[in-house]
Amino acid sequence: MGTNDLASHPVAKVQDVIGAFRPTRLFKAPAGTSYTSIDFDDSGEFLLLSRTDATIQLFNTWAGAHAKELKSQKYGSALARFTHHSTSIIYASTTVDDGIRYLSMHDNSFIRYFRGHTDRVTSLSMSPSDDKFLSASLDNTVKIWDCRSSNAQGSLNFESAWLTAFDPSASVIAIASPLAQTVSLYDMRNYDKLPFATWDLLATERRLQQSHGQTPGAGWTGMEFSNNGKFLLLATNGPGHYILDAFSGDLLHYAHRPNGSDPSHYAPGDDLPSAPAGSNGSSGNITPTYIQSSACFSPDGRYVVGGNGTQTGLLVWDAMGQATTKGGEEGSITAPMTDLPGPRHAKVVAYNPRHNLLASADRDVVMWLPDPDMI
């Protein structure tokens, strides 16, 4: 496909193209590095990824080209996220301190620092409606920030509160505690009050451990509400992902990966390997870190796309489809509705919010477009 083929099916229904995605661009990275987070800007034009060599990589998806490399050799980089301004991003430090940095990519200058966490930041979530964002950390706190102020707007204490997410209305925040095996929902206007709902996944995980080898209380890599507000996705590095009812917390689908888990994809709480000897922030420094966004929803909220375990390519699950096994001791086990063949493993995955374009990455970055011959 050519570089301008993105315009071919920009508004086609997702259900008409979801099985037709094929790799169209591959961008190789330096040996020994890997990508750990992925994010599109609001317009869908730009793609942002953190890499383990303390760099942040920017791609122009409309041109199908690499746009810029941003270096953060002194502080390291992880969880890079766009704000609502495509030229400004936030990201977490992995060395020196545990701060969050607000960067202007236009002139590569820091706008603001957000300090307060005392251990590695494990999640960054931008509000869909304004400049507020959430951060979670291994220090067992979740903090609420506003990009316009260096001071946290609020802070909550938890046990292993390592993942966060806003619902599409920005009125509800979800906080996941893997070790406690719970997801708690808070009213954003009254976040300092008790959660209005807490979902306990202990029994579910124990059943799935017996039937599919899902490790309870471990391996949760990301959390995301669907844009239609119906579902909450808990992505894992194990043999499947949880698709929960966003209102009741019931398990609707255990999105099973037939090719199993990939333990090399580190989730918050996993023991990270030591940094290579001599790592000191110099060029080529490799800093092991946690991944985020190992699976994602399509913009219509119907499909979940994620990596294929130990195999290359991507898998797609239908969140509105019939579970392979419904009820009983196993819960709702859902097999992939299709697999998308590709040349590389996928550690992190994102679906463009405006166009039918997928991006995935592990060692290299792959862009995917629907093959017009298959539509």
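Rules used throughout
- Residues numbered from 1 in each chain as written.
- Predicted model: local features only at pLDDT ≥ 70, side-chain atom pairs only at ≥ 80, totals over all residues.
- Heavy atoms only, no water.
- Helix = DSSP H or I, 4+ residues; strand = E, 2+ residues; numbered from the N terminus.
- Rg over C-alpha atoms; globule rule 2.2 N^0.38 Å.
- Contact = heavy atoms within 4.5 Å.
- Areas by Shrake-Rupley, 256 points an atom, 1.4 Å probe, with all protein chains shown as cover.
- Lys, Arg positive; Asp, Glu negative; His and termini not counted.
- Charge placed at Lys NZ, Arg CZ, Asp CG, Glu CD.
- Buried < 20%, exposed > 50% of the residue type's maximum accessible area, 1.4 Å probe, protein only.
- Polar contact = N/O pair within 3.5 Å; in protein donor to acceptor, adjacent residues only side chain to side chain.
- Phe/Tyr/Trp six-rings, centres within 6.5 Å; stacked < 30°, edge-to-face > 60°.
- Lys NZ or Arg CZ within 6 Å of the ring centre and 35° of its normal.
- Arc of directions from axis to C-beta.
- Pairing = 2+ DSSP bridges.
- Axes fitted to C-alpha atoms, helices over the stretch in contact; angles between N-to-C directions.
- Salt bridge = Lys/Arg side-chain N within 4 Å of Asp/Glu carboxyl O.
- UniProt positions renumbered as here; feature names shortened; annotations may be inferred.
- Core = buried A, V, L, I, M, F, W, Y, C linked by side-chain atoms within 4.5 Å.

Description of the overall build of the protein chain
Here is step 1: If you tally the helices and strands in the protein chain, you get two helices and 29 strands.
Here is step 2: In terms of overall dimensions, the protein chain is globule-like: its C-alpha atoms have a radius of gyration of 19 Å, near the 21 Å expected for 375 residues.
Here is step 3: Dimensions of the protein chain, computed from the C-alpha atoms along their principal axes, are close to 50 × 50 × 40 Å.
Here is step 4: In the protein chain, once contacts between residues fewer than 6 apart in sequence are set aside, the share between residues at least 24 apart is 50%.
Here is step 5: By element, 47% of the accessible surface of the protein chain is carried by carbon and sulfur atoms, the whole surface being about 14600 Å².
Here is step 6: Positive and negative charge centroids in the protein chain, built from 28 and 37 side chains respectively, lie 4 Å apart.

Considerations on unusual backbone geometry
Here is step 1: Here the phi dihedral of asparagine 140 falls at roughly 70°; this positive angle occurs in a residue that is not glycine.
Here is step 2: Structurally, asparagine 140 can be placed in the loop between strand E11 (132-137) and strand E12 (141-146).
Here is step 3: By relative accessible area, which is 26% here, asparagine 140 ends up partly exposed.
Here is step 4: Residues other than glycine seldom take positive phi values, yet glutamine 181 does so here, at roughly 60°.
Here is step 5: Among the secondary structure elements, glutamine 181 is positioned in the loop between strand E15 (172-177) and strand E16 (182-187).

Quick look at the side chain of serine 127
Here is step 1: Structurally, the position occupied by serine 127 is in the loop between strand E10 (121-126) and E11.
Here is step 2: In this structure the side chain of serine 127 is engaged in a polar contact, spanning 3.2 Å, whose partner is the backbone nitrogen of serine 129.
Here is step 3: Beyond its immediate sequence surroundings of up to four residues, serine 127 is in contact with His84, Lys132, Phe133, Phe166 and Ala170.

What to know about the packing of aromatic side chains
Here is step 1: A complete count under the given rule lists 11 aromatic pairs for this structure.
Here is step 2: Summarising the aromatic geometry, the rings of phenylalanine 21 and tyrosine 351 are spaced 5.7 Å apart at their centres and angled 80° between planes, so their arrangement reads as edge-to-face. Taken together, the positions of phenylalanine 21 in strand E1 (residues 21-27) and tyrosine 351 in strand E27 (residues 348-351) put the pair 330 residues apart, joining distant regions of the chain. Just as phenylalanine 21 is buried, tyrosine 351 falls in that class too.
Here is step 3: Of the aromatic side chains, those joined through ring pairs into one cluster are Tyr102, Phe114, Phe133 and Trp145.
Here is step 4: Above the plane of the ring of phenylalanine 110 lies arginine 101, whose end atom (NZ or CZ) is 5.9 Å from the centre.

Focus: helix H2 (residues 202-212)
In an α-helix, one turn spans 3.6 residues; hence positions three or four apart end up facing the same way.
Here is step 1: The complete set of buried residues in H2 reads Thr204, Glu205 and Leu208. Taken down its axis, H2 places every buried residue within 90° of arc, on the same side.
Here is step 2: Of the surrounding secondary structure, the elements contacted by the buried residues of H2 are strand E18 (220-225), strand E20 (240-245), strand E21 (251-256) and strand E25 (333-334).
Here is step 3: Of the residues flanking the end of H2, it is glycine 213, one or two places downstream, whose phi is positive at about 80°.

With respect to the sheet that holds strand E28 (residues 358-361)
Here is step 1: In spatial order, the strands read E1-E29-E28-E27; together these four strands make up an open sheet with antiparallel pairing. Edge positions in the sheet fall to E1 and E27, since each of these pairs with one other strand and no more. Adjacent strand axes in the sheet meet at a mean angle of 20°, parallel and antiparallel pairs treated alike.
Here is step 2: Bridge count between E1 and strand E29 (residues 365-370): six bridges; the pairing is antiparallel. The residue bridging arginine 22 from the neighbouring strand is leucine 369, located in E29.

Quick notes on the pairing of E29
Here is step 1: With six of six residues buried, E29 lies mostly within the body of the structure.
Here is step 2: Here E29 shows two buried faces, one formed by Val365, Met367 and Leu369 and the other by Val366, Trp368 and Pro370.
Here is step 3: Bridge count for E28 against E29 is four bridges, and the pairing is antiparallel. Bridged to alanine 359 within E29 is methionine 367.
Here is step 4: Here E28 hands over to E29 after three residues, the two strands then running antiparallel side by side.

Comments concerning the pattern of salt bridges
Here is step 1: Inspection of the entire model under this criterion finds nine salt bridges.
Here is step 2: One salt bridge in this structure joins aspartate 130 and lysine 132, with 3.8 Å as the shortest N-O distance.
Here is step 3: Here aspartate 130 falls in the partly exposed class, since its relative accessible area comes to 29%.
Here is step 4: Assessed through its relative accessible area of 27%, lysine 132 is described here as partly exposed.

Observations regarding the UniProt feature "repeat: WD" (unreviewed entry) in the protein chain
Here is step 1: According to UniProt, the feature "repeat: WD" (unreviewed entry) maps to residues 114-155 in the numbering used here.
Here is step 2: From the first C-alpha to the last, residues 114-155 spans 13 Å; its make-up is 0% helix and 50% strand.

Overview of the sheet that holds strand E4 (residues 55-60)
Here is step 1: Pairing is antiparallel in the open sheet, where four strands are placed in the order E2-E3-E4-E5. Whereas interior strands pair on both sides, the edge strands pair on one side only; in this sheet they are strand E2 (35-40) and strand E5 (65-71). With direction set aside, neighbouring strand axes in the sheet form an average angle of 20°.
Here is step 2: Where E2 and strand E3 (residues 46-51) come together, five bridges link them in antiparallel fashion.

A short note on the nonpolar core
Here is step 1: Grouped together as the largest cluster of nonpolar side chains are 22 residues, with contacts concentrated most on Val183, Leu185, Trp220, Met223, Leu234, Tyr242 and Leu244.
Here is step 2: The set of elements that each furnish at least two residues to this core consists of strand E14 (163-166), E15, E16, strand E17 (197-200), E18, strand E19 (231-236), E20 and E21.
Here is step 3: Apart from residues no more than four positions distant in its own chain, leucine 244 is found in contact with Trp199, Leu201, Lys230, Phe231, Leu232, Leu234, Gly249, Asp250, Leu251 and Leu252.
Here is step 4: Counting 17 residues, the second largest nonpolar core, distinct from the first, contains Tyr35, Phe40, Ala359 and Leu369.

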